[in-house]
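Next come the chains, spelled out residue by residue.
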Amino acid sequence: MGHIAAITNSRIDKNKEYMKPWMTAIGLYMYNFGIIELISYKFLDYLEETEEDFLKNVEKFLSPRIKRITKLAKQKKIKNNDDVVSIWNEVKELSTWRNRIAHNPAVPVWKVGSDSENSPPDFIGIPDIRQLSKNSKISDTISFEELNRLSDTTVMIAERLDTLLERVKQS
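All residue numbers refer to position in the chain's written sequence, counted from 1. Totals for whole chains, interfaces and linings use every residue, but because this is a predicted model, local features are given only for residues with pLDDT of at least 70 and side-chain atom pairs only at 80 or more, for both listing and counting. Neither water nor hydrogens contribute to the side-chain values; these are computed over all heavy atoms in the structure.

Quick word on helix α5 (residues 81-102)
In this text, helices come from DSSP runs of H or I with a minimum length of four residues, and strands from runs of E with a minimum of two, each type numbered from the N-terminal end. The span one expects for a helix is its residue count, reduced by one, times 1.5 Å. Between its first and last C-alpha, α5 extends 30 Å over 22 residues, near the 32 Å set by a 1.5 Å rise per residue. Largest kink in α5: about 25°, centred on L94. Relative accessibility thresholds used throughout: buried, under 20% of the residue-type maximum; exposed, over 50%; partly exposed, between the two (1.4 Å probe, protein chains only). Within α5 the residues assigned to the buried category are N81, V84, V85, I87, W88, V91, L94, S95, R98, R100 and I101. We call two residues in contact when some of their heavy atoms are within 4.5 Å. In the core, the buried residues of α5 are packed alongside α2 (20-47), α4 (62-76), β2 (123-127), β3 (141-142) and α6 (144-170). Bend is the name given here to the angle between axes fitted to two runs of seven residues, the run ending at a residue and the run starting at it.

What follows is the structure, encoded as structure tokens:
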């Protein structure tokens, strides 16, 4: 029994040529976000008093690590601590998109009447499946352009964080 047509009728197209730009873009986005994850450890490695304190962060997810970074920045009253808090808050917002991209599929869609067996999809996007639980039966979808914008934003934030860490270390 199918409950939601968009899921019931969705196709599973593995490694199709028309999906390769999406595979590449998602991979780049996740790779770039991984850099931010590494930078969070670098911040904690610098800010924590001892190696033992640092190691307590290793198994934490990103959000608790961000909380710890901002707490330490405020406690230590380091130079640029407002920037540290501000940029890590941006990362927290960006991580919502990362989770959505990591935990949802890129889905090809054909309009009614399109030749789905012989034609590329009319649209490809990343839906938010969790939105379906909100009784809307509709999901916002991340477009290819939005995915690339998020990837570019992630790179810019990673660069800002890396530069900021160097400034913090010099203060």
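Don't stop here, the text continues.
Details of the packing of aromatic side chains
In summary, the pairing rule links any two rings of Phe, Tyr or Trp, Trp by its six-membered ring, whose centres are within 6.5 Å, and it sorts them by plane angle into stacked for under 30 degrees, edge-to-face for over 60 and tilted for everything else. Under the counting rule described, the total for this entry stands at four aromatic pairs. Note on Y18 and W110: the rings are 6.1 Å apart at their centroids and 90° apart in plane angle, and the pair reads as edge-to-face. Linking Y18 in the loop between α1 (5-8) and α2 with W110 in the loop between β1 (107-109) and β2, this pair joins segments that are 92 residues apart in sequence. A ring pair is formed by Y29 and F33, whose centres lie 6.2 Å apart and whose planes are at 50°; its orientation type is tilted. With Y29 and F33 both in helix α2 and four residues apart, the pair spans about one turn of that helix.

Comments concerning the side chain of S143
With respect to the secondary-structure elements, S143 resides in the loop between β3 and α6. On the basis of relative accessibility, which here comes to 19%, the residue S143 falls in the buried class. Polar contact is the term for a pair of N or O atoms within 3.5 Å; when the atoms are in protein, one must be able to donate a hydrogen and the other to accept it, and sequence-neighboring residues count only if both atoms are side-chain atoms. Within the structure, S143 has its side chain in polar contact with the backbone nitrogen of E146 (distance 3.1 Å).

Description of the sheet that holds β2
DSSP-based pairing: two strands are paired if at least 2 bridges between them are found. Taken together, three strands build an open sheet; the order of strands is β1-β2-β3 and the sheet is antiparallel. Unpaired on one side and paired on the other, β1 and β3 mark the two borders of the sheet. Sheet topology note: the β2/β3 ladder contains two bridges and is antiparallel. Residue pairing across strands places I126 opposite I142, the latter belonging to β3.

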